Amino acid sequence: MQTVPFGNTGFNASRLGVGLSEIGSQFSISDQGQATTMLNTALDAGINFLDTSACYGISEILVGKGVAERRDDYFLATKAGHIALGAAGEEWTYQTVVDSIDRSLRLLQTDHVDLVQLHSCGIDVLEKGDVIRALQEAEQAGKTRFIGYSGDNEAAHWAVDSGLFATLQTSYNIVEQRARTSGLLEKATDRGMGTIIKRPIAGGVWGKSRPEAGIDDAGHYNTPYLLRAKAVRALGPIEDEPADGILTALGYTLGDPNANVAIVGTTNPSHMATNISQIDNDLPIPDSVITELKQRFEQLDKDWTQRT
Ligand SMILES: NC(=O)c1ccc[n+]([C@@H]2O[C@H](COP(=O)([O-])OP(=O)(O)OC[C@H]3O[C@@H](n4cnc5c(N)ncnc54)[C@H](OP(=O)(O)O)[C@@H]3O)[C@@H](O)[C@H]2O)c1
């Protein structure tokens, strides 16, 4: 698995990471075995980046029970700010963030994580500063090695411009390119931040957007991306486009040098294996395809703001 320098953190991140919101919301404790198998498959293949959050259901529990003993094999990123499963308190307060980090360490069965990110709060919360202070104190206490921001649009620009964070996580993919067109990713890279790409394959909708697939619904979360993909395809066939839609989506996102690690979300071990194989064997996709996808996004983007 290819690795790249993750900003100025001194860590070399695998280009493919594991997004862990799906297993947290779709698995139950009885699925621990499948979760452990999927995590070990990823780590054995050279993936060294795991992204979870306090509010991803049982995600942190599954990671802790599954691979705590392999803690040195991965860069462990979590998030704070929302009220986690079964926790009390108010979102986006200093105390909520402090308690959330301690809870994450307990569930992940580790004395430190590598990264705690603010989970997509707005500029008002960032400017208030309490939650940033909570993160900085956790870093000083050795509970986390780095602090970061996960979010989009104006708030993501605020976070990068502030110089307070070592990493940025943001939505970026084949039908979601504002992180490129707004200069966000380039600016973050220029400031030595590590960049983490969420929603990196647009929920897997690119292949589903082919007219012959006859799919009009990709679920509440991904249908907006499906509609964008259909609009992009409506401009006509794309010469030399790979047959596999997931490969094209991975190729677009990882074709961007300002995208360090793509945290693809999956609950399916065979999808995990396919994604690993495509990154190891089938990239890059043709530059001409990436250029065409960029031109079409810029042509069609009227109100395609970044989706959280
Ligand atoms: N605000 C935030 O901080 C925020 C917001 C969104 C996401 N995230 C992070 O980013 C991660 C990824 O985002 P995402 O899950 O929204 O989007 P994504 O990674 O672009 O897409 C995930 C979807 O693609 C499917 N998929 C994966 N590999 C596939 C394959 N080989 N073939 C067919 N389908 C495949 C998965 O279904 P299967 O389970 O069937 O594979 C899942 O439905 C999340 O897990 C989370 O860690 C963070």
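In what follows, the structure referred to is the one given above.
These lines cover the structure that appears in this document, whether it is placed above or below.

The rules behind the values
Residues numbered from 1 in each chain as written. Predicted model: local features only at pLDDT ≥ 70, side-chain atom pairs only at ≥ 80, totals over all residues. Heavy atoms only, no water. Near = heavy atom within 4 Å. Polar contact = N/O pair within 3.5 Å; in protein donor to acceptor, adjacent residues only side chain to side chain. Areas by Shrake-Rupley, 256 points an atom, 1.4 Å probe, with all protein chains shown as cover. Helix = DSSP H or I, 4+ residues; strand = E, 2+ residues; numbered from the N terminus. Nonpolar A, V, L, I, M, F, W, Y, C, P; charged D, E, K, R; others polar. Phe/Tyr/Trp six-rings, centres within 6.5 Å; stacked < 30°, edge-to-face > 60°. Buried < 20%, exposed > 50% of the residue type's maximum accessible area, 1.4 Å probe, protein only. Lys NZ or Arg CZ within 6 Å of the ring centre and 35° of its normal. Axes fitted to C-alpha atoms, helices over the stretch in contact; angles between N-to-C directions. Left-handed = near helix turned anticlockwise from the far one by under 90°. Contact = heavy atoms within 4.5 Å. Salt bridge = Lys/Arg side-chain N within 4 Å of Asp/Glu carboxyl O.

**Things to note about the site of the ligand**
The environment of the ligand is formed by 29 residues, the closest being Glu22, Ser150, Thr266, His271 and Asn275. At 3.3 Å from an oxygen atom of the ligand is found a main-chain nitrogen or oxygen belonging to Pro200. Interatomic distance of 2.9 Å between a backbone N/O atom of Thr267 and an oxygen atom of the ligand. Here the ligand, which alone exposes 900 Å², has 87% of that area covered by the protein. For the shell around the ligand, the secondary-structure elements that each account for two or more residues are helix H1 (21-26), strand S10 (261-265) and helix H13 (269-281). When residues of the shell around the ligand are assigned to their parent elements, the largest contribution, three residues, is made by S10. Its residues assigned to classes, the shell around the ligand shows nine nonpolar, 15 polar and five charged.

**A closer look at the packing of aromatic side chains**
Summed over all chains, the structure comprises eight aromatic pairs. Residues Phe6 and Phe75 carry aromatic rings whose centres are separated by 5.3 Å and whose planes lie at 75 degrees to one another, so their mutual orientation is edge-to-face. Separated by 69 residues along the polypeptide, Phe6 in the loop between strand S1 (3-5) and strand S2 (12-14) and Phe75 in strand S5 (residues 75-80) bring together distant segments of the chain. Each member of the pair Phe6 and Phe75 is classed as buried. Clustering of aromatic rings is evident, with ring pairs tying together Phe6, Phe11, Phe49, Phe75 and Phe146. Of note, Arg233 hangs over the ring of Trp206, and the distance from its end group to the ring centre comes to 4.0 Å.

**With respect to the packing of helix H4 (residues 94-107) against helix H6 (residues 130-140)**
Interhelical geometry of H4 versus H6 gives an angle of 30 degrees and a closest axis separation of 8 Å. Viewed along their axes, H4 and H6 form a crossing whose handedness is right-handed. When H4 is examined against H6, the residues Tyr94, Val97, Val98 and Ile101 are found in contact with a partner set consisting of Asp130, Val131, Arg133, Ala134, Leu135, Glu137 and Ala138.

**Structural notes on the pattern of salt bridges**
Under the criterion given, the structure shown has 17 salt bridges. A salt bridge links Glu241 to Arg210; the nearest nitrogen and oxygen atoms lie 3.3 Å apart. Here Arg210 lies in the loop between helix H10 (205-208) and helix H11 (219-233) and Glu241 lies in the loop between H11 and helix H12 (245-254), a separation of 31 residues in the sequence. Of the two residues examined, Glu241 and Arg210, each falls in the buried class.

**A closer look at unusual backbone geometry**
In the segment running from Leu283 into Pro284, the intervening peptide bond is cis, with an omega of -5 degrees. Its identity as a non-glycine residue notwithstanding, Arg199 has a phi of 55 degrees, on the positive side. Within the secondary structure layout, Arg199 lies in the loop between strand S9 (194-198) and H10. Arg199 gets classed as buried once you look at its relative accessible area, which sits at 10%. Of note, Ala202 is a non-glycine position whose phi angle comes to about 50 degrees, a positive value. Mapped onto the secondary structure, Ala202 falls in the loop between S9 and H10. With a relative accessible area of 0%, Ala202 lands in the buried category.

Limitation: the analysis is restricted to geometry and does not speak to function.
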